[in-house]
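# Coordinate analysis (summary)
If you want the building blocks of each chain, they are given just below.
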Amino acid sequence: MKRVIVTGLLVLFCFLLQTSVCHWFAFGGIIPNLLVILVASCGFMHGEIPGMITGFACGFLLDIFSAYGGATGNGDMIGFFALLYLLCGYLNGKFEQLFYPEDITFPLLMITASDLAINFCCYIVMFLFRARLDIRYYFVHIMLPEAVYTIVIAFVFYPLFLWISKRVEKTDRGSIE
């Protein structure tokens, strides 16, 4: 029960941080995607189901408040980000067996792959279907800078999420014994 409450608070914290504070630190309009860091971390730390639930919650918040750069402000794609982040959490949860808390390279690779995959899906739905075919421009000016910025920020947030997860697990074990 503690894990659910803590994860819910982390989702809310990351959402508020990404939609308000991160815009102050934008480079060329690019902000880090804290929700991808959280969803991917929750997925490979705790498995498919917690990753899916966390991903759905993050995507649902993005859908409701249209906070993803105003791209869905007209309401024509409600549920897109909920589904996208849910799949991100599920796919990261598939790699739970490969996760070792001491290794930081695997989580950073998974966070990078998740960010690039989410941005590629956004490109397909928001631009390719509307006959904007210049993927090279989108990759160089949006996808790659956001992935790099997200990884730089992940060096701070991922160890924090890992520490919180260990603390919650430790208190859960202490309450059982």
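Below is a summary of the structure that appears in this document. (Residues numbered from 1 in each chain as written. Predicted model: local features only at pLDDT ≥ 70, side-chain atom pairs only at ≥ 80, totals over all residues. Heavy atoms only, no water.)

### Comments concerning the overall build of the protein
- When helices and strands are tallied, the protein shows 6 helices and 0 strands.
- N-terminal to C-terminal, the α/β element order of the protein is α-α-α-α-α-α.
- Overall, the protein is about 60 × 30 × 30 Å in size when its C-alpha atoms are taken along their principal axes.
- In the protein, which comprises 177 residues, the share counted as buried stands at 42%.
- Split by element, the accessible area of the protein, about 9,700 Å² in all, is 72% carbon and sulfur.
- Of the side chains in the protein, 10 bear a positive and 12 a negative charge, and the two mean positions are spaced by 3 Å. (Helix = DSSP H or I, 4+ residues; strand = E, 2+ residues; numbered from the N terminus. Buried < 20%, exposed > 50% of the residue type's maximum accessible area, 1.4 Å probe, protein only. Areas by Shrake-Rupley, 256 points an atom, 1.4 Å probe, with all protein chains shown as cover. Lys, Arg positive; Asp, Glu negative; His and termini not counted. Charge placed at Lys NZ, Arg CZ, Asp CG, Glu CD.)

### Focus: the packing of aromatic side chains
- Applying the stated criterion across every chain, the model contains 11 aromatic pairs.
- Between phenylalanine 27 and tyrosine 149, the aromatic rings sit 5.2 Å apart at their centres with planes inclined by 45°, giving tilted as the arrangement. Taken together, the residues span a long stretch of sequence, with phenylalanine 27 in the loop between α1 (2-21) and α2 (34-46) and tyrosine 149 in helix α6 (residues 135-176) at a distance of 122 residues.
- Residue tyrosine 149 is classed as buried on the basis of its relative accessible area of 13%.
- Note on phenylalanine 44 and tyrosine 158: the rings are 6.1 Å apart at their centroids and 50° apart in plane angle, and the pair reads as tilted. Here the residue phenylalanine 44 occupies a position in helix α2, and tyrosine 158 occupies one in helix α6, the gap between them amounting to 114 residues.
- The exposure class of phenylalanine 44 is buried, given its relative accessible area of 0%.
- An aromatic cluster is defined as three or more aromatic residues linked by ring pairs; in this entry it consists of Phe44, Phe95, Phe99, Phe106 and Tyr158. (Phe/Tyr/Trp six-rings, centres within 6.5 Å; stacked < 30°, edge-to-face > 60°.)

### Some words on helix α3 (residues 48-65)
- Counted at 1.5 Å a residue, the expected span for α3 with its 18 residues is 26 Å, and the 26 Å between its end C-alpha atoms agrees.
- What α3 keeps buried is the set Gly51, Thr54, Gly55, Cys58, Gly59, Leu61, Leu62 and Asp63. (Expected span 1.5 Å × (residues − 1).)

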